[in-house]
Structures are given as structure tokens and as C-alpha cells.
Amino acid sequence: MKTVIETKKLSKWYGNVLGLSDVSLQIEAGITGILGPNGAGKSTFLKLITGQIKPNIGSCTIEGQKIRNNYHFYSKIGFCPEQDSFYEEMTGWQFMTGLLKLHHYSPSEIKAMTKEALEIVELTEDKDRVIKSYSRGMRQRLKFAQAIAHKPEIIVFDEPLNGLDPLGRRKIIRLIKSYEEEGKTILVSSHVLPEIEAMTKQIILIHQGKVFAQGDIHYIRDLIDTHPHIVSIKCRNPRQLASTFIQEDYVLNIHFGSADNTLLIETNNRDKFFSLLPSLFVKYNIEVDEITSPDDNLQAVFDYLVEK
Amino acid sequence: MNKITVRRLLFLWNSIRKVYSFFFFMGKKSNKTKIFFIVALLPVIMALIIKLNPIFSGRSSTEGIYIFSNVIIVFYLQALILLLALFFGTSVCSEEVEGKTLTYLTTRPVSKSAIILGKYAAYTSLVILMTGIGVTISFLILNVNKLHDFSLYEILIRDVIVLSLGIMCYTALFTFVGTFLKKSILFGFVFGFGWENVIQYFPGSTQRFSIVHYLKSLLPVPKTGRFSFLMFKLEPSTPVAAVFMLFLITGIFLGLACLFFSLKDYIFED
């Protein structure tokens, strides 16, 4: 497959703060997920490849061309920013048509494109309301609409599912996947693994400004699955529960928590652990108050990968 | 000029027009414009008070055109256009950065120079419009008994042109300041109400380092009268030199603003 986006030793720092360090990547057409905890450098990476900021070291090209200040190229790019910012006193329709004007389309084309984009994100009925009266989900959908309205070949979404309800998320995920079928190049960033997993298998893991891994999500999943997980169980009889788990080979450690009736179990096979858990509760008649996974988040996974 | 240069210039011109229409439309609707429009109309209230005062006090009234030429114009020239240019000029860039909306503009097929020039033109037009309306209404109130004297309208037109040149020049300066300074408003106040208001009264060529010197050079110098102090120590440049300097200053600051805006990274604060 042809490389669409290429970065070489891309580095960016803000004063003494490192934004991105020595990132060399080749991204092909299709959906690529950029995964990393908050503050990892995902937005910096997306801003660098769309030419919004300039790198301190290294370079970035799209289809072999430098992008920064190469403004003609922006007709091919759609960008959905992370920040929830708008020209608040405009209506949704005015916002969309105003931005499409900057693409030098004719008034009839602008009207048709705006209509289509607003229909896609289901904002047609609210198009004449001022943006400041929009809900968070509507604002997120409007941001999405302005990125896709001009039918770009390369679309960059920075945390596109933030603030959306489950139904809205599913719809946006379906839309993003449909753009892949059209042969477009799509970059989606998120700090939530299942969100990215639902869209693509190709992911780039970024943490503390560095790329930790790039490739098929199964590889990353394997890394994550071998990561020992701690599960906290609050129940009436933690000692009895501990005695049942101590024999299991997938349980590495058991501790009693500082809070009353809390058991902390460390497992290296989370799936097996959770599949057997309900039957053990039933078998030993254990009443459970709460089950939580204190380290079941991306940050914990990254901490584990860093140590590894 | 070869064909590529002509095509680039045409594209730049078209881009400026698109950015202009976007921000002129948005500017008209913004709350900021509404507030400053009210501020721009304050001299109208002043003109009303001046006009009505002789009726209630029984004193003889001063010539309307005399008051208009001195008080209103100098009030506009030395305070109001500075204030409007400061708030609109600095916001050309800073409101995009502070409002985090810059991304929507810089990821479009328009050059960064077109963004600056288009938005500058939109805001300058709005300020000229606001000021023009205020000046015209003030003129009509102060000269209500002489509206048939068409020679007076020449003064109105001249003054509106001078104020427009001032707005054009100051807005360009503050647009430039807004592209690289975070506290551009503070700088603007120090420059506008400090430097400009002091340096213009320096004798010799020093006063030529202020913009207001060139604006005053385009206005008649009252030798006597209550308001002659406003033109104190003015050693005017020729009208041609004054207009040339105003356009030159505008061009330089807009050029610098485009350069800074194209080169600088704007980082949004959380």
C-alpha cells in the first residue's frame, strides 16, 4: 500500500516541556488509530502533521508534499479539533457555509455541501439555532460536520467521540468506517482503547511524546492482556473468597485492602478470571458489594509497557 | 508579472474577500460590536447636550460647525478611534487564539496572510462604519439649523476620511501587536494614550513618530479659540506626505502582521 503520511524524526517541545520526540512513521490509507493517555502527545502529533504547528526537528509530508503553509493542500484535508470551541454567535448553518466559503466553492455548491454534512450528523433541524445553544453532543457533531463537508481525502479526528452519547458514538464510528471504504486516509485519536478498537486494527501507541508501538491492534492487545490486572472485590466474607482464589493458577497475588471487606486480586488472565468469577460467587454463596479494576485504564497499560 | 504571480495574487485577493465576508458578517452580529457601537455613539449624546444647553441655560450658542470640527473630531481622533482600533485590531489574532477557533481557519485552503488581511479589512470596515454613523449623526445634530448649507458637508466628508485613515492605520498597528503579544491590550493603552498623546506635542521632527501627527496634518489648524490647544505645537506635514505616511505605516504593520502570523506557532492554553 502507498504511504500517504510520512514523518521523519518529528520532534516538538514547548519551552522545557516535551510534546513529541523523534517520531518516524509511515501511515497508509485506511483508518489509523492514535492511542495514548491524556497529555501523551496525540494532539501535538496531529497538529504537526496538519501543519498547524512547526516541528523543532524533523519533517512531515503528506503525499510527498510539505504541508505547513502549503495552503492549497488543505482542500484535501479535513480536521476535527479536540477543543470544544466555536464562533458561538453564529448558527450551525452560518458556521458551516462560512467555513466552506474559504474553500472557494460556488454558493450553490456550499449550500449543497452544508445540507449534506448537516444531514449526515443529524443537525438539519437545529441548523438555524445559534451554536451557543447547542448541547455538547451537537457541538461535537457540528465539529465533525465541518471536517467532512468538503469531502476531503485525508481526515484527521482528534478525540471525535468526546461528549457523545452511546448512540451518537456508534453512528460516528460507523461513519468513520464508511470513509475507509471510500479509500480515504483517516487518523483518529483517543485515550479510550475500545473506541479505537471499534474503528480499526491499525494503531499507533503514543506515550510521553514517544511512539511505543505501531501496528496491528492484536499485538497491542497481547501486550495489554499479559499485563497483570488488579481487581478489587468488596464482599461480606473476603477471607473465604481469598481461599478459593489462592488455588487458581491465573491468580498471582492476593492482598487484603485497607478498607474493610476488600480483597485485591492480581491476575495475569483477566478474561479467565472474570469468566469464572460469577460461578465462584454462586458456588460459595458470597454476597458481593462492589467489583472494580483500579488499574484497568490506558495509563496503567502504558506504565506496564514502560516498565517492560 | 508572469502568469503564476498574477494567478497567486488573484487567489490571494479571492481568499481575502472570502475571509472578509466571513468576519464582516460575524462581526456585525457579535456582542462586542454592539457594545462598541454604543460607545461610538457617545459623542452623539454629547452633541445633543451641547445643542440643548443654550435652550435651557439661555446662553448664546457657539457655531455648530466650530464645535463639530474641534471637540467632536478631536474626541474621536484622540480617544475613540484609538479605543475601537485597539479592541478590534488586537482581536484579529488574539480572539482566534484565546477562543481556540484558529484551527478552523488555518486548516482551510487560504493563506495565513489572507486570514490576517481579510479579518483586518472586515474589522476596519466595521469600525469605520460605527465611527462614520456616530460622526454623521453628531454633525447633523450640531448643524441642525444649517443643513441647507452644502459647503458644510465638505467638512463632514473630509473629517470622515481623516478618521477612516486613522482607523486604518491604528488597526493595522494593533493587528500586528496582537499577532505576537499576549498582553496586546495593555501595550495598546500605553501606546495609544501614552506615546501618541505625549509625543505629538514635542516640537520639531519628534512629533512625526506619532500617527496622530499625520492625521492632524490633514485637518485645519485653528490659530485661536477655546480648542486651539488641541493643535498645540503642531508642525504639520504636507497633506500628500501625511497620506503617504499613513498608507506606508499601514502597509508596514500589515506586512509584519502577516509575517509573524505565518511564522509563529500559536499554542492554545487549557
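Source: prediction; values computed, not measured.

Caption draft 1: Spatial organisation of the overall build of chain A. Regarding its fold elements, chain A presents ten helices and 14 strands. The dimensions of chain A, computed from C-alpha atoms along their principal axes, are 75 × 45 × 40 Å. Burial analysis of chain A (308 residues in total) assigns 51% to the buried set. Within chain A, counting contacts between residues at least 6 apart in sequence, those at least 24 apart form 66% of the total. Carbon together with sulfur atoms contributes 49% to the accessible area of chain A, which is approximately 14,200 Å² in total.

Caption draft 2: Seen up close, the overall build of chain B. Regarding its fold elements, chain B presents ten helices and zero strands. Helices (α) and strands (β) of chain B occur, in sequence order from the N terminus, as α-α-α-α-α-α-α-α-α-α. When each of the 270 residues of chain B is scored for burial, the buried share is 50%. Restricting the contact set of chain B to residue pairs at least 6 apart, pairs at least 24 apart contribute 81%. Accessible area for chain B stands at about 12,700 Å²; split by element, carbon and sulfur atoms hold 72% of it. Separation between the mean location of the 25 positive side-chain charges and that of the 12 negative ones in chain B comes to 5 Å.

Caption draft 3: How the structure looks around the interface of chain B and chain A. In this complex, chain B contributes 33 residues to the contact, which on the side of chain A involves 35 residues. The contact between chain B and chain A buries some 3,200 Å² in all, and 60% of this surface belongs to carbon and sulfur atoms. On the chain B side of the contact with chain A, B:F22, B:Y104 and B:R108 bury the most area, a combined 24% of that side's loss. Taken together, chain B and chain A are joined by two salt bridges. One salt bridge in this structure joins A:R68 and B:D265, with 3.5 Å as the shortest N-O distance. In this structure, the connection of chain B to chain A is made through 19 residue pairs in polar contact (both at pLDDT 80 or more). Within the residue set of the side of chain B that touches chain A, elements represented by two or more residues are α1 (3–29), α5 (102–106) and α10 (239–263) of chain B.

Caption draft 4: Quick look at the packing of helix α3 (residues 42–57) of chain B against helix α6 (residues 112–142) of chain B. Residues and elements named next belong to chain B. At their nearest, the axes of α3 and α6 sit 9 Å apart, and the two run at 5 degrees to each other. Our classification of the angle between α3 and α6 gives roughly parallel. Listed contacts from α6 to P43, V44, A47, L48, I50 and K51 of α3 are G134, I137, S138, I141 and L142. Broken down by class, the residue content of the contact of α3 with α6 amounts to eight nonpolar, two polar and one charged.

Caption draft 5: Up close: the pattern of salt bridges. Within the structure shown, the criterion is met by 18 salt bridges over all chains. Linking A:K151 and A:E116 is a salt bridge whose minimum nitrogen-to-oxygen distance equals 2.9 Å. Of this pair, A:K151 sits in the loop between α4 (136–148) and β7 (154–158) while A:E116 sits in helix α3 (residues 107–120), and the two are 35 residues apart along the sequence. Because the salt bridges share partners, they merge into one network encompassing B:K32, B:E95, B:E96 and B:K119.

Caption draft 6: Layout of α3(B). Residues and elements named next belong to chain B. Along its 16 residues, α3 runs 22 Å from first to last C-alpha, staying within 8% of the 22 Å computed at 1.5 Å per residue. Taken as a whole, α3 carries its principal kink of about 25 degrees at K51; the proline P54 stands between one and four residues after it. On its buried side, α3 packs onto α2 (31–40), α4 (64–98) and α6.

Caption draft 7: Examining the side chain of B:K216 more closely. Within the secondary structure layout, B:K216 lies in helix α9 (residues 211–217). Of the side chains with opposite charge, B:E196 comes closest to the buried, unpaired B:K216, at an N-O distance of 9.3 Å.

Caption draft 8: Layout of the domain arrangement of chain A. Domain boundaries in chain A define domain 1 (3–223) and domain 2 (227–307). Spacing between the C-alpha centres of domain 1 of chain A and domain 2 of chain A amounts to 38 Å.

Caption draft 9: Here's a closer look at the side chain of B:N143. Relative to the helices and strands, B:N143 resides in the loop between α6 and α7 (151–180). Non-local contacts of B:N143, meaning those with residues more than four positions away in its chain, are made with B:G64, B:I65 and B:L152.

Caption draft 10: Structural detail: the sheet that holds β7(A). Residues and elements named next belong to chain A. Taken in spatial order, the six strands of this open sheet run β6-β7-β8-β3-β9-β10, and their pairing is mixed. The open sheet terminates on both sides in strands that have one partner only, identified here as β6 (77–80) and β10 (210–216). Ignoring which end each strand starts from, the neighbouring axes of this sheet average 15 degrees apart. Direction of pairing for strand β3 (residues 30–35) relative to strand β9 (residues 202–207): parallel, over a ladder of three bridges. Across the sheet, residue I34 finds its bridge partner in β9, namely I204. The strands that α4 touches are β6 and β7; relative to β6, the one it contacts most, it runs at about 170 degrees.

Caption draft 11: Here's a closer look at α4(B). All names here are of chain B. The end-to-end C-alpha distance of α4 is 45 Å, clearly below the 51 Å that 35 residues give at a rise of 1.5 Å each. The largest bend along α4 measures about 55 degrees and falls at V92. Here α4 lies mainly inside the structure; 28 of its 35 residues are buried. Backbone geometry just downstream of α4 places K100 in the positive-phi region, at approximately 55 degrees.

Procedures and definitions
Residues numbered from 1 in each chain as written. Chains lettered and ligands numbered in written order. Predicted model: local features only at pLDDT ≥ 70, side-chain atom pairs only at ≥ 80, totals over all residues. Heavy atoms only, no water. Helix = DSSP H or I, 4+ residues; strand = E, 2+ residues; numbered from the N terminus. Buried < 20%, exposed > 50% of the residue type's maximum accessible area, 1.4 Å probe, protein only. Contact = heavy atoms within 4.5 Å. Areas by Shrake-Rupley, 256 points an atom, 1.4 Å probe, with all protein chains shown as cover. Lys, Arg positive; Asp, Glu negative; His and termini not counted. Charge placed at Lys NZ, Arg CZ, Asp CG, Glu CD. Buried area = accessible area lost by both parts, 1.4 Å probe. Salt bridge = Lys/Arg side-chain N within 4 Å of Asp/Glu carboxyl O. Polar contact = N/O pair within 3.5 Å; in protein donor to acceptor, adjacent residues only side chain to side chain. Axes fitted to C-alpha atoms, helices over the stretch in contact; angles between N-to-C directions. Parallel < 35°, antiparallel > 145°, perpendicular 65-115°, else oblique. Nonpolar A, V, L, I, M, F, W, Y, C, P; charged D, E, K, R; others polar. Expected span 1.5 Å × (residues − 1). Bend = angle between axes of the 7 residues up to and from the residue. Domains from an automatic or database assignment. Pairing = 2+ DSSP bridges.

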